[in-house]
Amino acid sequence: MMMNSLRHCAERVSTAEEGLYFTNMRPEKMTVKTANKHELRTRETRALLLQAAETIFVRDGYEGAELGEIAALAGRTKGAIYAQFKSKEDIFLALIEERTNCYRARMEKILAASTTVDGNMNAVRNFFLERTEDQAWSLLVLEFKLFALRHPESKKRLQTLYAGILYRTDEKKLADILGAAAKGKDAISRAVAVQTLGPVISALVLESQLENHLMNKNVIKKVANRIFDALLEVPTR
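Each chain carries its own residue numbering, running from 1 in the direction its sequence is written. Where local features are concerned, this predicted model is filtered to residues with pLDDT of at least 70; where side-chain atom pairs are given and counted, the filter is 80 or more; whole-chain, interface and lining totals use all residues. As a convention, hydrogens and water are excluded, and side-chain values are obtained from all of the structure's heavy atoms.

Novice: Quick question: what am I supposed to make of empty space enclosed by the protein here?
Specialist: One water molecule sets the probe size; rolling that probe over the atoms shows where empty space is left. Here the largest cavity is characterised by a volume of approximately 50 Å³. Put simply, the grid is 1 Å and covers the protein atoms alone, a cavity is a trapped set of points that fit a 1.4 Å probe, a pocket is an open set with protein on both sides within 12 Å along at least five of seven lines, and lining residues have an atom within 4 Å of a point. If you trace the largest cavity, you find it lined by Arg125, Phe128, Leu129, Leu197, Val200, Ile201, Ala224, Asn225, Ile227 and Phe228. Each helix is a run of DSSP H or I of at least 4 residues and each strand a run of E of at least 2, with the numbering of both proceeding from the N terminus. A per-element tally of the lining of the largest cavity places helix 10 (residues 217-231) first, with four residues. Grid points are joined across faces, edges and corners, and a volume is the space filled by probe spheres set on the points.

Here you go:
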């Protein structure tokens, strides 16, 4: 399975679920402090550890991954991990945060190139269809979610992380970008639709691992496309 590694995500912002994140952030004037050598070294170590952790988590799964393996792959000591993170869970949550920011930067860029609601809708569709290619990450997040459900403290931390970095529940904001949702008792709000798309894609990816003779990549994209149309239907004029 191929994975869109964080090391290839050049459009990060500073802060998985594998969803849609709208921010409309405006650049503000700020004083930029030049990092000293120690700070640069610390940042480099953190980046190397996260890249190594991503590789080890994908290879061994969340519960099977070992900190010593991560440190060795990063070319650092195990102590370097504890200087940056308190636990394996901390590293994984940091990966989710990094990946979320990667997706958010990507979404902001493609939406900035659009000037119409139809253009926005196409951009969002393509964004989600791209997520079907990132199968390893989808499966890894599913594994951690199952782990979190069995460990209340981990579940709480994951929920807190998502609440702090995701912006996907403001119906007015989403309606401005994607157009207003249909009306009526059977209508699905834009917030619910956006919230649903990521988990649905994860479920399709999981099923493809069990039924790969039936659920190949092309089929997953076709099904995801149909689901997108159903969830984000455009009201009849």
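Novice: Can you help me understand the pattern of salt bridges in this one?
Specialist: When the charged atoms of two side chains lie near each other, side chains of opposite charge can form a pair. What counts as a salt bridge is simple: a side-chain nitrogen of Lys or Arg found within 4 Å of a carboxyl oxygen of Asp or Glu. Under the counting rule described, the total for this entry stands at 14 salt bridges. Arginine 41 is the partner of glutamate 44 in a salt bridge, and the nearest nitrogen-oxygen pair spans 3.6 Å. With glutamate 44 and arginine 41 both in helix 1 (residues 37-60) and three residues apart, the pair spans about one turn of that helix. Note that aspartate 90 is salt-bridged to arginine 157, the shortest N-O span being 2.4 Å. Here aspartate 90 is found in helix 4 (residues 88-112), whereas its partner arginine 157 is found in helix 7 (residues 152-165), with 67 residues between them in sequence. Assessed through its relative accessible area of 14%, aspartate 90 is described here as buried. Buried residues are those whose accessible area, probed at 1.4 Å on protein chains only, stays under 20% of the maximum for their type, while exposed residues exceed 50% and partly exposed ones sit between those limits.

Read these as layout, nothing more, since geometry by itself doesn't imply function.
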